[in-house]
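Fold and contact review
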Amino acid sequence: MSTGSGAHSAPAPNSRHDTVSDDATATTQGAAPGVAAGPAATPRKGTFSSLRIRNYRLFASGQLVSNTGTWMQRIAQDWLVLSLTGSSTAVGITTALQFLPMLLFGLYGGVIADRFPKRTLLLMTQSAMGLTGLALAVLTLTGHVQVWHVYLVAFVLGLVTVLDNPSRQAFVVEMVGPDDLRNAVSLNSANFQSARLIGPAVAGVLIGAFGSGWAFLLNGLSFIAPVAGLLMMRTAELHKVERVPRSKGQLTEGLRYVAGRPDLIWTIVLVGFIGTFGFNFPIWLTAFVHQVYHAGPGTYALFNGLMAAGSLLGALLAARRATSRLRLLVGAAVIFGALEIAAALAPSFWIFAALLAPIGMLGLTVNVTANSSVQLATDPAMRGRVMSLFMMVFMGGTPLGAPLVGWVTDAAGARVGFLAGGVISAVAAAVIGLVLARAGGLRLKIDLRRGRQHVAFVPRAATPATDRELATVA
């Protein structure tokens, strides 16, 4: 793998000078929307192709264990706060505090990730995350826990995440190389969602039988696995990426780089809306369990498990795709918002529960498609800073959205809160999809004739004959 900063070193589907990737750049390449060209036409690989790489197998195994513990802690933390306060707003504040550091310091985490060896940084961050879980376990098991303790631990965990997230995201390509990056990103999500199936189920049993403290304890101990995996890696087999030397203006350099790339900036704006307003599931699900269905932690774990099942399916489907299309990203985001609206209006428990799996699948599709698109379109020397901006917008919007969504949920009810998030997500996706199409010189063409593709993006200056040809392949 080349370590230079030029086009040959960037494992991207488009060059640095392209304006919009995938459909929105179709006209700049002289190709029809939706038709892959060049590297985008890479043959499809196996669903688990990245696991043939030893270093990645160690990483994935460790992450599966720690992710299971993380999901146990998330369920236990949400339920503990709700038990202590009886307030959805308090759950929202906890979530906000955990993601506030990403909003405040996220870009600096990316600068650090570009400067230092990512494996070393991950050894530090994963160890620190384990200690936060153990601290919360001690407070809970000794009976001294108060809601401000949970707030504090959530904030400290967020500080660690500022450095862990960009380091972990950028380290993937060092383990597998650019050819397997899409597959590895998808498998990381499948790993996370598999743990999401196991963690909530175990947490529901532990909380019901023994209380939240044991879930926190197991989460703290679970970080032994990723630390051991990182220590066992063969560093000689990593794909070397040239580290960026310390210099002035690196932060603004990263922002200018993204600002000059519509394919990056509009993708990041879209995930910002989705992350801020569409991914507030701890607030909505606890509210539905508590206010609408008057159930307990077992039902909350069930809801999370259903979403995880859908997310896992979405991750496995994403792992089979050879390309990351912006058309897929926008379409998945629109449907994701529409499904949230449907769930908010669901007339019965089982209809609501049944909608959670497809919501999880579409939400995961949005996340994986955006993540892999941004990574592959970014120069390696910029990847840490770009991914820190991506994660800052995606996760850092939560401190702004979670308290607001929590307040709406408390004031107007669980259904109105969920409905508002779905409407904002769907509208934002539709608007940004039109912006990307316009940036790529495309227009929306609607053809209601029988046997035709009814909706397609075509070049603005295309003739009717060209329109018909493009509609068959878009």
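Residues numbered from 1 in each chain as written. Predicted model: local features only at pLDDT ≥ 70, side-chain atom pairs only at ≥ 80, totals over all residues. Heavy atoms only, no water.

As annotated in an unreviewed UniProt entry, the chain carries the name MFS transporter and comes from Streptomyces celluloflavus. The record held by UniProt for the chain lists under Subcellular location (unreviewed entry) the comment "Cell membrane". (UniProt positions renumbered as here; feature names shortened; annotations may be inferred.)

1. Some thoughts on the overall build of the chain
A count of helical and extended segments in the chain gives 18 helices and two strands. Classification of the 474 residues of the chain by burial places 56% in the buried group. For the chain, the accessible surface area stands at approximately 18,700 Å², while carbon and sulfur atoms represent 67% of it. (Helix = DSSP H or I, 4+ residues; strand = E, 2+ residues; numbered from the N terminus. Buried < 20%, exposed > 50% of the residue type's maximum accessible area, 1.4 Å probe, protein only. Areas by Shrake-Rupley, 256 points an atom, 1.4 Å probe, with all protein chains shown as cover.)

2. Section: the UniProt feature "transmembrane region" (unreviewed entry) in the chain
Here the UniProt feature "transmembrane region" (unreviewed entry) sits at residues 89-109, 213-233, 264-287, 299-319, 326-343, 349-368, 389-408 and 414-437. Its end C-alpha atoms 26 Å apart, residues 326-343 is made of 100% helix and 0% strand. With 100% helix and 0% strand, residues 349-368 has its two end C-alpha atoms placed 29 Å apart.

3. Focus: the side chain of D180
By the element assignment, D180 lies in the loop between α5 (147-176) and α6 (181-209). You can call D180 buried: its relative accessible area is 3%. Polar side-chain contacts of D180 include one of 3.0 Å to the side chain of R52. (Polar contact = N/O pair within 3.5 Å; in protein donor to acceptor, adjacent residues only side chain to side chain.)

4. Some points on the pattern of salt bridges
The tally for this structure, following the rule as stated, stands at four salt bridges. Across the pair E174 and K118 runs a salt bridge whose closest N-O atoms are separated by 3.3 Å. One end of the pair, E174, is in helix α5; the other, K118, is in helix α4 (residues 118-141), and 56 residues separate them in sequence. Classification of E174 by relative accessible area gives buried; the value is 10%. For K118, a relative accessible area of 8% puts it in the buried group. In this structure, the salt-bridge partner of E237 is R234, at a minimum N-O distance of 3.2 Å. Look at E237 and you get partly exposed, because its relative accessible area is 38%. Residue classification places R234 among the partly exposed positions, given a relative accessible area of 43%. (Salt bridge = Lys/Arg side-chain N within 4 Å of Asp/Glu carboxyl O.)

5. What about the packing of aromatic side chains?
One pass over the full model with this rule turns up 20 aromatic pairs. Measuring from centroid to centroid gives 5.8 Å for F281 and W284, while their planes differ by 80 degrees, and the two rings are edge-to-face. Of this pair, F281 and W284 both sit in helix α11 (residues 281-292), separated by three residues, roughly a single helical turn. Residue class for F281 comes out buried when judged on its relative accessible area of 7%. Among the residues examined, W284 registers a relative accessible area of 0% and is labelled buried. (Phe/Tyr/Trp six-rings, centres within 6.5 Å; stacked < 30°, edge-to-face > 60°.)

6. Comments concerning the side chain of S425
Its place among the elements puts S425 in helix α17 (residues 414-439). A polar side-chain atom of S425 sits 2.9 Å from the main-chain carbonyl oxygen of G421.

7. Quick notes on the nonpolar core
Counting 78 residues, the largest nonpolar core has F352 and F418 as the members making the most contacts within it. For F418, the contacting residues outside a window of four places in its chain are F281, W284, F288, E340, A343, A344, F352 and I359. Y56, F59, M175 and M233 belong to the second-largest nonpolar core, a separate cluster that totals 27 residues. (Core = buried A, V, L, I, M, F, W, Y, C linked by side-chain atoms within 4.5 Å. Contact = heavy atoms within 4.5 Å.)

8. Regarding α11
Every buried residue of α11 is listed here: F281, I283, W284, L285, T286, A287, F288 and V289. Phi for H294, located one or two positions after α11, is positive at around 50 degrees.

9. Thoughts on a nonpolar patch on the surface
Taken together, the side chains of L104, F105, Y108 and L159 make up a nonpolar region of the molecular surface, amounting to roughly 390 Å² of accessible area. Summarising the element assignment, F105 is placed in helix α3 (residues 88-115). Classification of F105 as partly exposed rests on a relative accessible area of 37%. (Patch = residues over 30% accessible without salt bridge, like charges linked within 9 Å, V, L, I, M, F, W, Y side chains within 5 Å.)

10. A closer look at unusual backbone geometry
For H294, which is not a glycine, the phi torsion comes out positive at approximately 50 degrees. With respect to the helices, strands and loops of the structure, H294 is situated in the loop between α11 and α12 (297-320).

11. Concerning the packing of helix α2 (residues 54-85) against helix α8 (residues 224-232)
Each packed pair of helices is defined by two parameters, the angle between the axes and the distance between the axes. Where α2 meets α8, the closest approach of the two axes is 7 Å, and the angle between their N-to-C directions is 170 degrees. In terms of axis orientation, α2 runs roughly antiparallel to α8. Side by side, α2 and α8 meet where R54, L58, G62, Q63, V65 and S66 of the first sit next to A225, P226, G229 and M232 of the second. Class assignment for the residues of the contact of α2 with α8 results in five nonpolar, four polar and one charged. (Axes fitted to C-alpha atoms, helices over the stretch in contact; angles between N-to-C directions. Parallel < 35°, antiparallel > 145°, perpendicular 65-115°, else oblique. Nonpolar A, V, L, I, M, F, W, Y, C, P; charged D, E, K, R; others polar.)

12. Regarding α8
Within α8 the residues assigned to the buried category are P226, V227, G229 and L230. Axial view of α8: buried residues confined to an arc of 160 degrees, hence all on one face. Pointing more than 90 degrees away from the buried face of α8 are the exposed residues I224 and L231. (Arc of directions from axis to C-beta.)

13. Observations regarding the confidence of the model for the chain
Across the chain, the average pLDDT comes to 78, with 79% of residues at 70 or higher. Here helix α1 (residues 26-29) stands out as the least confident element of the chain, with mean pLDDT 36; α8 is the most confident, with 94. Segment residues 462-474 is flagged for pLDDT under 50; beyond a separation of four residues in sequence, or across chains, it makes 20 contacts in the model. (pLDDT = per-residue confidence, 0-100.)

14. As for the packing of α4 against helix α7 (residues 213-222)
Between α4 and α7, whose axes approach to 7 Å, the crossing angle comes to 155 degrees. Between α4 and α7, the angle is such that the two are roughly antiparallel. Considering how the two elements wind past one another, α4 and α7 form a crossing that is left-handed. Contacts between α4 and α7 involve G130, G133, L134, L136, A137, T140 and L141 from the former and G213, W214, F216, L217, N219, G220 and L221 from the latter. Looking at the contact of α4 with α7 residue by residue, the class counts come to eight nonpolar, six polar and no charged. (Left-handed = near helix turned anticlockwise from the far one by under 90°.)

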